[in-house]
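Chains, contacts and geometry: an overview
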Amino acid sequence: MTIIADLHTHTNVSDHAYSTLQENCRAAKEKNLYAIAITDHAPAMADGAHPWHFTCLRHLPRRIDGVYILRGAEANIISEDGGIDLEERICSRLDYIIASFHEDCFEPKTREVHTKTLLNILKNPYVSAIGHPGNGLFPFDYEAVISRCNEYKKIIEINNHSFEVRKNSTENCREIALLCKKYRVPIVISSDAHISFDIGSSDAALSLMSEIDFPEELIINSEVGRLRDYFVAARKLDIFE
Ligand SMILES: [Zn+2]
Ligand SMILES: [Zn+2]
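Just so we're clear, the structure is a prediction, and the values are computed from it rather than from any experiment.

Moving on: the pattern of salt bridges. Applying the stated criterion across every chain yields a total of 8 salt bridges. Asp95 is the partner of Arg62 in a salt bridge, and the nearest nitrogen-oxygen pair spans 2.8 Å. In this pair, Arg62 sits in the loop between helix H2 (51–55) and strand S3 (63–64) while Asp95 sits in the loop between helix H3 (88–91) and strand S5 (96–100), placing the two residues 33 residues apart along the sequence. Overall, Arg62 belongs to the partly exposed group, its relative accessible area being 24%. The salt bridge partner of Glu217 is Arg184, with a shortest N-O separation of 3.3 Å. Taken together, the residues span a long stretch of sequence, with Glu217 in the loop between helix H8 (203–211) and helix H9 (224–235) and Arg184 in the loop between helix H7 (169–183) and strand S8 (187–190) at a distance of 33 residues. You can call Arg184 partly exposed: its relative accessible area is 43%.

Structure representation (structure tokens):
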């Protein structure tokens with residue numbers, strides 16, 4: 001199994017990342033990726049992009065070096081009622097929004113509070129995916145949230161970068177992936193690249209998937225047709241056009 005698109009990538013628009021969009025696209029082309037999503041941090045993060053960054057993504061070409069560009073954001077979860085740090089008028093112009101807990105924007109609280117917050121995030125029509133849910137700093141009732149993802153058409157991210165940097169991530173991601181398998185919730189495997197060399201990196205996540213015999217048809221970025229079907233259904237966006 002392999003991935004054909006990387007839907008969580010940062011450019012140097014987020015200060016903690018180091019490559020330009022063109023460098024990321026070149027790397028994606030070298031790795032034979034069909035598409036990447038540009039998902040820089042939304043404004044509440046200390047290194048987040050200005051709102052204009054997100055509104056102006058529409059001026060980018062749809063393909064760079066032959067790689068399809070999805071206009072995205074990694075939004076910060078900022079309130080227990082499911083609020084994120086991008087206004088609706090901006091969200092409505094984007095193709096793909098990840099909602100993530102980051103401790104700079106949401107102080108870690110109890111498991112109950114994180115669960116309630118994510119259940120509210122599921123109701124946000126602009127959010128596509130829950131970002132790095134295996135983060136040990138933000139435990140939540142995995143089953144309560146994952147069992148409701150299909151109702152709200154949300155996907156779960158398995159973040160390859162988490163295996164290196166986030167506390168308890170491997171065990172948490174295994175438990176999360178097993179629940180996605182049980183409830184037939186689609187997932188996306190992403191690199192969360194902060195430099196072009198990491199675009200498309202997915203080995204740790206893919207080896208976990210094969211260990212637990214995860215159904216390939218539930219990984220939206222494991223095949224181009226599957227990715228297309230996802231974006232047509234979720235955003236009325238045909239990435240073959
Ligand atoms: Zn993040
Ligand atoms: Zn990220």
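Next up on the list: the coordination of the zinc ion (ligand 1). Surrounding the zinc ion (ligand 1) are the protein donor atoms Glu74 (OE), His102 (NE2) and His132 (NE2), at 2.1 to 2.2 Å. Sequence spacing of the donors to the zinc ion (ligand 1): E-x27-H-x29-H. A separation of 3.5 Å is found between the zinc ion (ligand 1) and the zinc ion (ligand 2), both of which receive a donor from Glu74. Residue Glu74 is located in strand S4 (residues 67–76), and its partner His132 is located in the loop between strand S6 (129–130) and helix H5 (142–146); the two are separated by 58 residues in the primary sequence. For the residue pair Glu74 and His132, the accessibility class agrees, reading buried in each case.

If a residue is not glycine, its phi is most likely negative; likewise, a peptide bond is most likely trans. Phi is positive for His132, close to 25 degrees, though the residue is something other than glycine. Residue classification places His132 among the buried residues on the basis of a relative accessible area of 3%. The backbone phi angle of Lys236 is positive, close to 55 degrees, even though this residue is not glycine. Looking at the secondary structure, you find Lys236 in the segment after H9. The exposure class of Lys236 is exposed, given its relative accessible area of 79%.

Enumeration according to the criterion identifies 7 aromatic pairs in this entry. With a centroid separation of 4.7 Å and an interplanar angle of 80 degrees, the aromatic rings of Phe140 and Tyr142 are classed as edge-to-face. Assigned by exposure class, Phe140 and Tyr142 land together as buried. By the ring-pair criterion, three or more aromatic residues cluster together here, those being Tyr96, Tyr230 and Phe231.

Attention now goes to the pairing of S4. In terms of burial, S4 is largely enclosed, as 10 of its 10 residues are buried. Residues Val67, Ile69, Arg71, Ala73 and Ala75 line one face of S4 and the alternating positions Tyr68, Leu70, Gly72, Glu74 and Asn76 line the opposite face, and both faces are buried. One ladder, built from 2 bridges, connects S3 with S4; its direction is antiparallel. Bridge pairing in S4 places Arg63 opposite Tyr68. A loop of 2 residues connects S3 with S4, the two strands running antiparallel in sequence, and Asp65 in this loop sits at a positive phi of about 55 degrees.

We now examine the coordination of the zinc ion (ligand 2). The coordination sphere of the zinc ion (ligand 2) contains the protein donors His8 (NE2), His10 (NE2), Glu74 (OE) and Asp192 (OD), at a distance range of 2.0 to 2.3 Å. Because the angles between the 4 donor atoms bound to the zinc ion (ligand 2) fall within 79 to 166 degrees, the donor set is best described as irregular. Owing to a relative accessible area of 2%, Asp192 belongs among the buried residues under this scheme.

Looking now at the environment of Tyr34. Summarising the element assignment, Tyr34 is placed in the loop between helix H1 (21–30) and strand S2 (35–38). With sequence-adjacent residues up to four places away left out, Tyr34 is seen in contact with Ile4, Arg63, Gly66, Val67, Tyr68, Val224, Ile239 and Phe240. Looking at Tyr34, its side chain comes within polar contact range of the main-chain oxygen of Ile239, at 2.9 Å.

All right, on to the side chain of Asn76 then. As for its placement among the helices and strands, Asn76 is situated in strand S4. Its relative accessible area of 0% is what places Asn76 among the buried residues. Within the structure, the side chain of Asn76 is placed 3.4 Å from the backbone oxygen of Ala42, a separation counted as a polar contact. For Asn76, the side chain forms a polar contact with the side chain of Asp85, separated by 2.7 Å. Every residue in contact with Asn76, bar those within four places of it in the chain, is listed here: Ala42, Ala44, Met45, Gly83, Ile84, Asp85, Ser100, His102 and Cys105.

Reading guide: rules and limits
- Residues numbered from 1 in each chain as written.
- Chains lettered and ligands numbered in written order.
- Predicted model: local features only at pLDDT ≥ 70, side-chain atom pairs only at ≥ 80, totals over all residues.
- Heavy atoms only, no water.
- Salt bridge = Lys/Arg side-chain N within 4 Å of Asp/Glu carboxyl O.
- Helix = DSSP H or I, 4+ residues; strand = E, 2+ residues; numbered from the N terminus.
- Buried < 20%, exposed > 50% of the residue type's maximum accessible area, 1.4 Å probe, protein only.
- Donors = N, O, S within 2.8 Å, 3.2 Å for Na, K, Ca; no water.
- Phe/Tyr/Trp six-rings, centres within 6.5 Å; stacked < 30°, edge-to-face > 60°.
- Pairing = 2+ DSSP bridges.
- Tetrahedral: all angles 85-135°; square planar, octahedral: opposite > 155°, others 65-115°.
- Contact = heavy atoms within 4.5 Å.
- Polar contact = N/O pair within 3.5 Å; in protein donor to acceptor, adjacent residues only side chain to side chain.

Keep in mind these values describe shape, not function.
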